[in-house]
Amino acid sequence: MKLINEYKNTQTVEVEQLPKYIGETVTIHGSIYKIRKMKGFSFVLLRTKRNVLQCIAEEQLELPVEESCVRIRAKVVEEERCRAGYELHIQQIEVLSVPAEASPIVINQKLVDTSIENILDYRPVILRNEKQRAIFKLQEGICQAFRTFLMKEQFTEIHTPKLVQAGAEGGANIFQLNYFGQEAYLAQSPQFYKQMMVGVFERVFEIAPVFRAEKHDTSRHLNEYTSVDFEMGYIRSFEEIMQMETAMLKFTMEYLQEQYQKELDLLGISLPVIESIPAVRFKEAKEMISKAYKRPILDWEDFEPEEEKLLYELISKETGSEFVFVTHYPSVKRPFYAMECKENSEETESFDLLFRGLEITTGGQRIHGYYEQIEKMKQRNMNVELFESYLMMHKAGMPPHGGLGLGLERFTCKLLGYENVRYTTLFPRDINRLVP
Ligand code: AMO
């Protein structure tokens, strides 16, 4: 019988350790990102997990083609002109594999100079480009920061089903499917389950895919996106949810600055500074925009996308903040679980967070009383029986609670200065795209 011991890499050196090996010979693996032939030698860029290393190969050394996977023996040599402070002088190359075909698109230049369609069609290779992959390393950093922050605040991480019996958010944008002969749906959000889990853990969060059958082809809508959800009990008002989000975003900026400087530099990103975030009531925001830009208010229930941009312009000019909370959305535009304001039932104890002119979060306080929730559902002509399992928690007793959902791709998109959310989605699903 064979015994499997724990994994230990004793064969190759990790990039982070290389400065310790200056003057010595090491073994390291990676793929050949780029070969630049010079007189008598070649510059070979080796792509490793997170870095691209400069190597030197003498003329007599036979080099495999770009994108070959190799293991090399090389001497680590101090070199001030290199960003890393050293370079690798290759002594031996072991070729592990060579590509069957050259990449259809040039991926080893600073920028991938092609259309968004090509970028998405050739995603598996395009993502090998240093800058393209930095987007998703930063996205990892964002999730890592959210998770670290929420765990510090004693939230419990949960995993809820994506195959569900009823839609949580209402509306027509829900994917229906046949579940062994029974009607089922793909979850639009973990809303019901995260609320249920507040009755168990008081504070919970989830980072997971959700599905929206959006039929429109816009720069901000995906059919599958990653929703960052949290939900917390024993709140005094929905303002506490906004405070928690402010703290989470502030923590995230600091975390990225500390842990992901490499990728931030590569993409030339300077992060927004967050101290506090201004909040305006929905109605006031509408009036502010109308007055400042002399626009008639056509829709009193929602923002037009253009209005979100104009509000950003106004707020950032006035306060310097690139974020703005919009509060007290009209009840008619909010789902049945949203808590209405005590003083005016036409408004809700809810908010959106806009970042650089785009909605990135929706949140608010929920109805926690059983009879209040039933009453609201009846007002909306909903079939209460269908929601029996959801209402079980209300019946059993729930603390006042609320939470939010943040679209990871939208947040990354705005943070990194892109105009289309597809750039910051690893393998986007939109109305025209199911592969790769
Ligand atoms: P909502 O439906 O507003 O709220 O969604 C929350 C956030 O998810 C993102 N988002 C999307 N991102 C990409 N493509 C889409 N089609 C898309 N739709 C939404 C946005 C949005 O702000 N249950 C509530 C949240 C809560 O109250 O806790 C919900 O899902 O960034």
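Keep in mind that what you see is a predicted model, and the values were worked out from it rather than measured.

Peer 1: Looking at this model, I keep getting lost on the pattern of salt bridges. Mind explaining?
Peer 2: Any two side chains of opposite charge can pair, so long as their charged atoms come close to each other. All told, the structure shown has 24 salt bridges when counted by the stated rule. A salt bridge links K250 to E254; the shortest N-O distance between them is 3.5 Å. Of the two residues, K250 and E254 are both situated in helix α5 (residues 239–259); the distance of four residues between them amounts to about one turn of the helix. By relative accessible area, which is 27% here, K250 ends up partly exposed. For E254, a relative accessible area of 39% puts it in the partly exposed group. Residue E304 is joined to R295 by a salt bridge in which the shortest nitrogen-to-oxygen separation is 3.0 Å. Put simply, K194, D229, E231 and R366 are held in one network by salt bridges that share partners.

Peer 1: Is there a simple way to explain the environment of E87 in this structure?
Peer 2: Examined against the element boundaries, E87 turns out to sit in strand β5 (residues 86–97). A relative accessible area of 7% means that E87 is categorised as buried. C-alpha of E87 to C-alpha of V112: the two residues are 25 residues apart in sequence and 25 Å apart in space. Residues in contact with E87, not counting those within four places in the same chain, are Q54, I56, K75, V76, V77, E79 and C82.

Peer 1: Can you walk me through the site of the ligand in this structure?
Peer 2: Neighbouring the ligand are 22 residues; E169, K194, E359, T362 and R366 lie closest to it. For the ligand, an oxygen atom lies 2.8 Å from a polar atom in the side chain of R212. When isolated, the ligand has an accessible area of 630 Å², and the protein chains bury 93% of it. Only α4 (191–201), β15 (358–365) and β16 (401–407) provide two or more residues apiece to the shell around the ligand. The greatest single-element share of the shell around the ligand, amounting to five residues, is contributed by β15.

Peer 1: Got a minute to help me understand helix α11 (residues 408–415) in this structure?
Peer 2: Given 3.6 residues per helical turn, the α-helix brings residues three or four places apart onto the same face. Burial analysis of α11 places eight of its eight residues in the buried class, which makes it a mostly covered element. Considered for burial, the residues of α11 that qualify are L408, E409, R410, F411, T412, C413, K414 and L415. Once α11 ends, the next one or two residues include G417, with phi positive near 80 degrees.

Peer 1: Help me out: how do you make sense of the packing of helix α7 (residues 282–293) against helix α8 (residues 305–319) in this one?
Peer 2: Any two packed helices are characterised by how steeply their axes cross, that is the angle between the axes, and by the distance between the axes. Closest axis-to-axis distance for the α7/α8 pair is 10 Å, and the angle between their directions is 80 degrees. It follows from the interaxial angle that α7 and α8 lie roughly perpendicular. On α8, the residues touching A285, K286, M288, I289, A292 and Y293 of α7 are E307, L310, L311, E313, L314 and I315. Tallied by class, residues from the contact of α7 with α8 come to nine nonpolar, no polar and three charged.

Peer 1: Can you help me understand the sheet that holds strand β7 (residues 163–164) in this one?
Peer 2: Picture the strands of a sheet paired through backbone hydrogen bonds; they go either parallel or antiparallel. Spatially, β7-β9-β8 is the arrangement adopted by the three strands of the open sheet, whose pairing is antiparallel. Only two strands of the sheet have a single neighbouring strand rather than two, namely β7 and β8 (176–179). Direction of pairing for β8 relative to strand β9 (residues 182–186): antiparallel, over a ladder of four bridges. Paired with Y179 across the strands is Q182, a residue of β9.

So, how was this worked out
- Residues numbered from 1 in each chain as written.
- Predicted model: local features only at pLDDT ≥ 70, side-chain atom pairs only at ≥ 80, totals over all residues.
- Heavy atoms only, no water.
- Salt bridge = Lys/Arg side-chain N within 4 Å of Asp/Glu carboxyl O.
- Helix = DSSP H or I, 4+ residues; strand = E, 2+ residues; numbered from the N terminus.
- Buried < 20%, exposed > 50% of the residue type's maximum accessible area, 1.4 Å probe, protein only.
- Contact = heavy atoms within 4.5 Å.
- Near = heavy atom within 4 Å.
- Polar contact = N/O pair within 3.5 Å; in protein donor to acceptor, adjacent residues only side chain to side chain.
- Areas by Shrake-Rupley, 256 points an atom, 1.4 Å probe, with all protein chains shown as cover.
- Axes fitted to C-alpha atoms, helices over the stretch in contact; angles between N-to-C directions.
- Parallel < 35°, antiparallel > 145°, perpendicular 65-115°, else oblique.
- Nonpolar A, V, L, I, M, F, W, Y, C, P; charged D, E, K, R; others polar.
- Pairing = 2+ DSSP bridges.

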